[in-house]
There are 2 protein chains.
Amino acid sequence: MRPLPLSRIRITDTFWSRWQRIVVESSLPAQLEQLESTRRLANFRIASGKEQGEHVGIYFNDSDVYKWLEACAYGLAVHSNEKLKSQVDTVIETVIAAQEPSGYLDTFFQIKHPDLKFKNLVAMHEMYCMGHMIEAGVALFECLGDRRMLDASIRVADHLLSIFGEGKRRGYCGHEEIELALVKLANTTGQERYRELARFMVEERGKRPTVFEQELDDPVALSLSPWSKNMMTKHGEYSGEYCQDHAPVREHTQVVGHAVRGMYLYTAVADLIDGKGDVDMETALERMWENLTQRRMYITGGIGPSASNEGFTADYDLPNLTAYAETCAACGLIFWGQKMLEMTGNGEYGDVLERALYNGAISGISLDGTRYFYDNPLESRGTHARVPWFHCACCPPNIARLIGNLASFVASEADADFYIHQYSGFEAQTTLNGVPVTIRAESQFPWNGTYRLSIEPERPVQFALRFRLPDWSEDISAEVPGAEEEAEYDSGYAVFDRVWKPGDTLVIDLGIEPRWIESNVAVRDDLGRIALTRGPLVYCAESVDAAFDPQLFVADPNADVTEQWEPDLEGMISVTVSGVKEIEQPDEPLYVPFGTAEMQEVQAKFIPYYAWANRGASAMAVWVRY
Amino acid sequence: MRPLPLSRIRITDTFWSRWQRIVVESSLPAQLEQLESTRRLANFRIASGKEQGEHVGIYFNDSDVYKWLEACAYGLAVHSNEKLKSQVDTVIETVIAAQEPSGYLDTFFQIKHPDLKFKNLVAMHEMYCMGHMIEAGVALFECLGDRRMLDASIRVADHLLSIFGEGKRRGYCGHEEIELALVKLANTTGQERYRELARFMVEERGKRPTVFEQELDDPVALSLSPWSKNMMTKHGEYSGEYCQDHAPVREHTQVVGHAVRGMYLYTAVADLIDGKGDVDMETALERMWENLTQRRMYITGGIGPSASNEGFTADYDLPNLTAYAETCAACGLIFWGQKMLEMTGNGEYGDVLERALYNGAISGISLDGTRYFYDNPLESRGTHARVPWFHCACCPPNIARLIGNLASFVASEADADFYIHQYSGFEAQTTLNGVPVTIRAESQFPWNGTYRLSIEPERPVQFALRFRLPDWSEDISAEVPGAEEEAEYDSGYAVFDRVWKPGDTLVIDLGIEPRWIESNVAVRDDLGRIALTRGPLVYCAESVDAAFDPQLFVADPNADVTEQWEPDLEGMISVTVSGVKEIEQPDEPLYVPFGTAEMQEVQAKFIPYYAWANRGASAMAVWVRY
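Just so you know, these numbers come straight off a predicted model, no measurement behind them.

S.K.: Outline the nonpolar core, listing residues and values.
M.R.: Counting residues in hydrophobic clusters, the biggest one holds 221 residues, and the most contacted among them are Phe-418 and Phe-426 of chain B. Of all hydrophobic cores here, the second largest spans 220 residues; its members include Phe-44, Phe-109, Leu-140 and Ala-400 of chain A.

Quick look at the structure:
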């Protein structure tokens, strides 16, 4: 199956249309101001000789500019905005002007260390930045037909090809990204040499002695960055887990190290092997996916519990209060999940993708699109707040490009199949068995489970309409009005394979109901606790609603709950739950005989997790006692 | 009241006698091997010119040698051991030989930076090391009558007096210790100038601009240690909390920063003001003690929850799995508590001291005396194990000197009062109202609450026998056989003020029973959980007994428990509890509908917390669900 380009599918439902509009109208303009005020754009002007000055900021700051451009490409594909378009134009010219004749582009090295390019691959992120440049180039071309950045990206990629690859220098980047970008570039340009370079980098990674291991003995490399501890075990041996450089990729058994890096690597690998019959590598990916989603993923789709390595720890280690669960890691999980879905056609990938999308990813951005979480804990004592920008600002443009590109995750096409992965409303143009077909989905997802498809082929045509059966639904039904037929089931999808005529409709009821969930008891941090969900949404209780700390709440999961549509928080359904709570007695001693605490009956309103921390400081809990 | 010197009181009960013997026979010899093999002793030989070489190890490693000497002084006061005595002799000579004619002694500076002495007080621990030297000098003199180290200590202290003090240089040490040592030296030598220097350092601390604040602007100071971040807030302002340098001591309102440092500071302050009528400072200490023990102390007496600053965070922030609760901090709490007890005569200090002593302090050492915890969590997933030594090895000799000096904490004397603070067995010689009295306590504490005192005055004499009423006891009784009198109550002590005759006895039943305890609900980490105690001991469940992870256990606090004497773990009473546990289902998905997990009835054996992790890797929990 293939994703539909944004020129042929657009989101139409209230929920995601609002997000997409907010990103274009609020997030991207504010991010541009940050790119300017933090001198990320100035670095390009300095590198091109148009401005005097020193490089300012982290050595990988170029990437934020590229991710912003990519997000703008998606946004402008849907929302016309002349001012933003003109700003994009300027930024493109600013970027391209900094590119060296060789194709090399990295403002940190061009300004500060022109003689040390590619001397330290483990830490310095050069190819990471170049990868994001390529992604921007592809997106600007695919969405807006603008070739300028694509051509510059080709020059960057050809420059890499002149240095790295089979029979040339062995090398890959400490922060994976270039691999998936090169595959995208190959897909867009049809040039297999980019895919081959990506394959080379994937296959060389982790082979002992590894490239990074060797750099740790190189004083020139170390002079650029004494940072290396994350590559070593506490016993002083080389580990490489932090960068997924611990073993060749096809031997990886668990997701380890820095979560975003891992996700970007496996996204590239899935795209690389799709349709190529590399069973070993596909098995490795499935093994890793299973480990990730059945051992190391929060109920929100957040991944990477630990701040110390921005990544993974041990199976079932999922602390809630200290959960790192970086916004970028949830984005990365979605990127990888979509590639797995496209490769396998298995709806389970869509389930995980939906979980991350509606919870752990969009929790990373405020409802007004102007503030961001880097880490997304599942419990807070009221001290966690979104901020407008970060010194290391990877997350803001990442969530912007995810939301902008959302339509890519909603549906896919094949020659005689149309896949619906996600239940947002959309309008798509496709061609199935040679016949142009317009498909429209009306949806009030995630609030309402009624989903109505209108199929408009130019003339009657047979094709299979496949829609994912969400793992959270216990009672799903679908009907083609006027027809008697039953759906078939295939890999987590319901399939109506029939002749579709103009005016046909398909009406699905997804059966969205509040449900209490528990964790596998191996998750020690969730023992004795339950979480409320409704459809794809994970809910949480916030003290701003309850007037008490939700950690004090003990839910009665057998009591009725009350759902209510509320205009607050940009419109949402709240769920009110009955239970009890301890009465706080601050004057009591720290330790008292059992039976001292008194309980009172209370109601607690739960709201969708993604919407928390939008009303000032507030304690929050996803997992509550019962 | 005054502590009794070790020459007049010794421990006689099984529990503590065993610990004291183990320390002399196993811990101290093994620690000496570490002092030698890690070149801590070599640094002294190099500084004195007896050996060639470079300084090896951390700049404050001298202090470990001094603490070992102090522990040996206590140990040899009770247990004669010719080999250890001869080793102590050699170490004393090795140390003294390194002292400069000026009195200065710090091998790191003498060897590596002879021109930079006292240039960086915030980080370099010079006076911290000197303080431990003085404590060793005092202990060797008080316990063994050996003046050599005391004389060297006087030279060190006089050297400090030649530099620092009123009208001289303003200065104090980043790691408090010198203050309490100078007060000890004043008490032993009768020289008030040492107390005055301690007072100067206490009073100058935290006055803006502080000494440390000024050092952060000094390139010479910074050249010695770029370490300074702990002095700054995340907004880049000077904080000083880490070193209790944030405000003048008498304005401190909460315990903050590095826990051991705080405890050593307040120990010094209490000793300094005892009997001096400094009401403001006494109020400050009481305020801090209240904050510490009613907001920031684990049930084990462990303090300082956070590894990042080895210290305090916020009120009621007491996570169990990640509890730092450094062994040295529990020792420091005991040191401070004893000074508060001696100053106020209030038994509440003895309650806290007992809690720390029987739980969070001795958990720091293995039952065989050869391995140590640095941090003492209240929950473990089976990965926490004691080790023979640390790179930063403050804890091993600290717990050794605490155990060796235990008799100091058990009883105190005054002119006409004899105080019993702790219920270990002992034999003491004192003089009360001018009459020599021998007092013996027979005890099987903490296992058995029957405590029998024999009072043997040379002739009948009136004095008040005061014994602390433990906060954990709900049913305590005491009887002077043959007499009808009732005890009076005063500040947490029961008082029998009467004429005591040779052969009189007092029999106390402390009422030791298993009790379930809950935390103030403000401790979010303990919500829905209870802890088992028995007398002063906090209990825990270990997977090695239960064959299941105790985090899975849900106790029935209303069911009967079974106590059993067991020879394991050097002899202890176990308590077996009824309850249920979740059945582990590894093949089940990560997230499942509520009601999926199944429970089974189980019994769980609890053992004293101090004894955990003595039988290999084992998961452990103090706070269990109910």
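Alright, that's what it looks like, and here's the rest.
S.K.: Explain the relation of the copies chain A and chain B residue by residue, including any values.
M.R.: Taken as rigid bodies, chain A and chain B are interconverted by a rotation of 180 degrees and an axial shift of 0.0 Å, the fit giving an RMSD of 0.0 Å. The superposition of one copy onto the other is thereby described by a two-fold rotation axis. Closest approach to the rotation axis among the C-alpha atoms of chain A is made by Gly-528 of chain A, whose C-alpha sits 4.4 Å away.

S.K.: Which residues make up the sheet that holds strand 13 (residues 504-509) of chain A, and what values go with them?
M.R.: Residues and elements named next belong to chain A. Read across the open sheet, the six strands follow the order 2-6-7-8-13-10; overall the sheet is antiparallel. The open sheet has two edge strands with one neighbour each: strand 2 (9-11) and strand 10 (477-479). Recorded for the sheet is a direction-independent mean angle of 20 degrees between the axes of neighbouring strands. Inspection of the sheet shows strand 10 paired to strand 13 by three bridges, in the antiparallel sense. Bridge assignment links Glu-479 to a residue of strand 13, and that residue is Val-507.

S.K.: Can you break down the environment of Ser-618 of chain B residue by residue, with the values?
M.R.: All names here are of chain B. Assignment of secondary structure puts Ser-618 in the loop between strand 21 (599-608) and strand 22 (619-621). In this structure Ser-618 comes out as buried when scored by relative accessible area, which is 2%. Taking the C-alpha atoms as reference points, Ser-618 and Ser-380, separated by 238 residues in sequence, lie 7.7 Å from one another. Each residue touching Ser-618, except ones within four places of it in the same chain, is listed here: Ser-380, Gly-382, Glu-542, Ser-543, Val-544 and Trp-612. There is a polar contact of 3.0 Å between the side chain of Ser-618 and the backbone nitrogen of Val-544.

S.K.: Can you tell me about the interface of chain A and chain B, naming the residues and giving the values?
M.R.: Taken together, the contact pairs 49 residues of chain A with 49 residues of chain B. Area buried by chain A at its contact with chain B is led by Leu-590, Tyr-591 and Phe-594 of chain A, which between them contribute 23% of it. On inspection of chain A and its partner chain B, the count reaches eight salt bridges. For the pair chain A and chain B, the number of links is 30 residue pairs in polar contact (both at pLDDT 80 or more). For the side of chain A that touches chain B, the secondary-structure elements that each account for two or more residues are helix 13 (279-295), strand 14 (514-519), strand 20 (591-593) and strand 23 (623-625) of chain A.

S.K.: Describe unusual backbone geometry, naming the residues involved and giving the relevant values.
M.R.: Cis geometry is found at the peptide bond from Arg-208 of chain A to Pro-209 of chain A, where omega equals -10 degrees. With respect to the helices and strands, Pro-209 of chain A occurs in the loop between helix 9 (192-204) and helix 10 (211-215). The residue Leu-569 of chain B is not glycine, and still its phi comes out positive at about 55 degrees. For Leu-569 of chain B, the location among the structural elements is in the loop between strand 18 (562-566) and strand 19 (572-582). By relative accessible area, which is 10% here, Leu-569 of chain B ends up buried.

What counts as what
- Within any chain, residue numbers begin from 1 and follow the written order of that chain's sequence.
- Key to labels: chains lettered from A, ligands numbered from 1, both in the order written.
- For a predicted model such as this one, the threshold for reporting local features is a pLDDT of at least 70, and the threshold for listing and counting side-chain atom pairs is 80 or more; totals across whole chains, interfaces and linings nevertheless cover every residue.
- Remark: hydrogens and water are excluded; side-chain values derive from all non-hydrogen atoms of the structure.
- Residues grouped as a nonpolar core are buried Ala, Val, Leu, Ile, Met, Phe, Trp, Tyr and Cys residues, joined through side-chain atoms within 4.5 Å.
- Summary of the burial criterion: residues with accessible area below 20% of their type's maximum are buried, those above 50% are exposed, and those between are partly exposed, where the area comes from a 1.4 Å probe applied to protein chains only.
- The copies were overlaid by least squares, fitting only the C-alpha atoms of residues that reach a pLDDT of 70 or more in each copy.
- One bridge is not enough; two strands pair if DSSP finds at least two bridges between them.
- Here a helix means four or more residues in a row that DSSP labels H or I, a strand means two or more in a row labelled E, and each is numbered from the N terminus.
- Axes, fitted as lines to C-alpha atoms, cover a helix only where it is in contact. Angles between the N-to-C directions of the axes lie from 0 to 180 degrees.
- Contact between two residues is taken to exist if any of their heavy atoms lie within 4.5 Å; hydrogens are not considered.
- Here a polar contact is recorded for every N or O atom pair within 3.5 Å, except that within protein the pair must consist of a potential hydrogen donor and a potential acceptor, and residues adjacent in sequence are included only if both atoms are side-chain atoms.
- Accessible area, probed at 1.4 Å, shrinks when two parts are joined; the buried area is that loss added up over both.
- A carboxyl oxygen of Asp or Glu within 4 Å of a side-chain nitrogen of Lys or Arg is what we treat as a salt bridge.

Coordinates in, geometry out; function isn't part of it.
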